[in-house]
Amino acid sequence: MTENEFIAGLRNHNANAYGKLLDDFQQKVFATCISFIPNKEDAEDIAQEVFVEIFNSISKFKGNSKLSTWIYRITTNKCLEFIRKRNTKKRFGFMQSILGNEIPIDKSSYFTEMNHPGIILENKEKSETLFYAINQLPEIQKVVFTLHKVDGKSYQEISDIVGKSLSSVESLMFRAKKNLQKLLENFYKNNN
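Residues numbered from 1 in each chain as written. Predicted model: local features only at pLDDT ≥ 70, side-chain atom pairs only at ≥ 80, totals over all residues. Heavy atoms only, no water.

An unreviewed UniProt entry lists the chain under the name RNA polymerase sigma factor, with Hyunsoonleella pacifica as the source organism.

### A word on helix α10 (residues 166–190)
Over its 25 residues, α10 runs 36 Å from end to end, which matches the ideal 36 Å to within 8%, given 1.5 Å per residue. Taken residue by residue, α10 has V169, L172, M173, A176, L180, L183 and F187 as its buried positions. (Helix = DSSP H or I, 4+ residues; strand = E, 2+ residues; numbered from the N terminus. Expected span 1.5 Å × (residues − 1). Buried < 20%, exposed > 50% of the residue type's maximum accessible area, 1.4 Å probe, protein only.)

### Quick look at the nonpolar core
L21 and L67 are the most contacted members of the largest nonpolar core, which has 45 residues in total. Going through the elements one at a time, α1 (3–11), α2 (15–36), α3 (40–57), α4 (67–85), α7 (124–134), α8 (139–150), α9 (155–162) and α10 are the ones with two or more residues in this core. Ranked by the residues each element gives to this core, the list is headed by α2, at nine residues. Domain assignment of the residues forming this core places at least three in each of domain 1 (1–116) and domain 2 (119–191). Leaving out residues up to four positions away in the same chain, L21 has contacts with F6, L10, Q26, F51, I54 and I71. (Core = buried A, V, L, I, M, F, W, Y, C linked by side-chain atoms within 4.5 Å. Domains from an automatic or database assignment. Contact = heavy atoms within 4.5 Å.)

### Things to note about a negative patch on the surface
The grouping of E41, D45, E49 and E81 at the surface amounts to a negative patch. A total of three residues in the negative patch trace back to one element, the largest contributor, which is α3. Among the secondary structure elements, E49 is positioned in helix α3. Looking at E49, the relative accessible area reads 39%, which means it is partly exposed. (Patch = residues over 30% accessible without salt bridge, like charges linked within 9 Å, V, L, I, M, F, W, Y side chains within 5 Å. Areas by Shrake-Rupley, 256 points an atom, 1.4 Å probe, with all protein chains shown as cover. Salt bridge = Lys/Arg side-chain N within 4 Å of Asp/Glu carboxyl O. Lys, Arg positive; Asp, Glu negative; His and termini not counted. Charge placed at Lys NZ, Arg CZ, Asp CG, Glu CD.)

### Regarding the packing of α1 against α2
Remark: α1 packs on α2, axes separated minimally by 7 Å, with the N-to-C direction vectors making an angle of 115°. Our classification of the angle between α1 and α2 gives roughly perpendicular. Read as a crossing pair, α1 and α2 show a hand that is left-handed. In contact with F6, G9 and L10 of α1, α2 contributes A17, Y18, K20 and L21. (Axes fitted to C-alpha atoms, helices over the stretch in contact; angles between N-to-C directions. Parallel < 35°, antiparallel > 145°, perpendicular 65-115°, else oblique. Left-handed = near helix turned anticlockwise from the far one by under 90°.)

### Brief notes about the packing of aromatic side chains
This model, assessed by the stated rule, comprises two aromatic pairs. A centroid spacing of 5.2 Å and a plane angle of 55° characterise the contact between Y18 and F55, whose relative ring orientation is tilted. With a gap of 37 residues between them, Y18 in helix α2 and F55 in helix α3 connect regions that are remote in the sequence. On the numbers, 5.0 Å between centres and 50° between planes, the contact of F61 with W70 is tilted. Each member of the pair F61 and W70 is classed as buried. Positioned above the aromatic ring of F6 is the side chain of K20, whose terminal nitrogen or guanidinium carbon lies 5.2 Å from the ring centre. Geometry around F25 places K28 over its ring, the cationic atom sitting 5.5 Å from the centre. (Phe/Tyr/Trp six-rings, centres within 6.5 Å; stacked < 30°, edge-to-face > 60°. Lys NZ or Arg CZ within 6 Å of the ring centre and 35° of its normal.)

What follows is the structure, given as structure tokens:
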């Protein structure tokens, strides 16, 4: 089945096309979700929302990009939507701890999936600190950093997903690394 036949099948709500969609993308979408939201239940819920969105929006897919790029764009947007809506204490807890306004956060309930293949760090605590730091980045830097470093996407793939030039993606990645370095230096300086 060619990509055009596959898309036509999805538009016609063909059961075989939807089966192929799930076979081809279920694990990839979930892996991207867990890269942004390191909690299995939340990531599963968002992945499910992604497939509902694909089902509802496939008629609007213009074919200007590959289907996979379009799916990753939906996935990234759903993850960012979730992060924006998430509990303020969880979102700003790390920054507040850096500034000395400690708010108790039950980290253990949020970071359930720290054995994600893209996150190879010495221990769970460092992983949690890194995720908190990543979540302090400006949104577009967070997206670029997560898609590249955690999800393993190339700069070209990221450029297609976020709709920015290759040089813009490289610049965003550079700034994300610099900002993370500063955040983590401040965190470790204040906690040692």
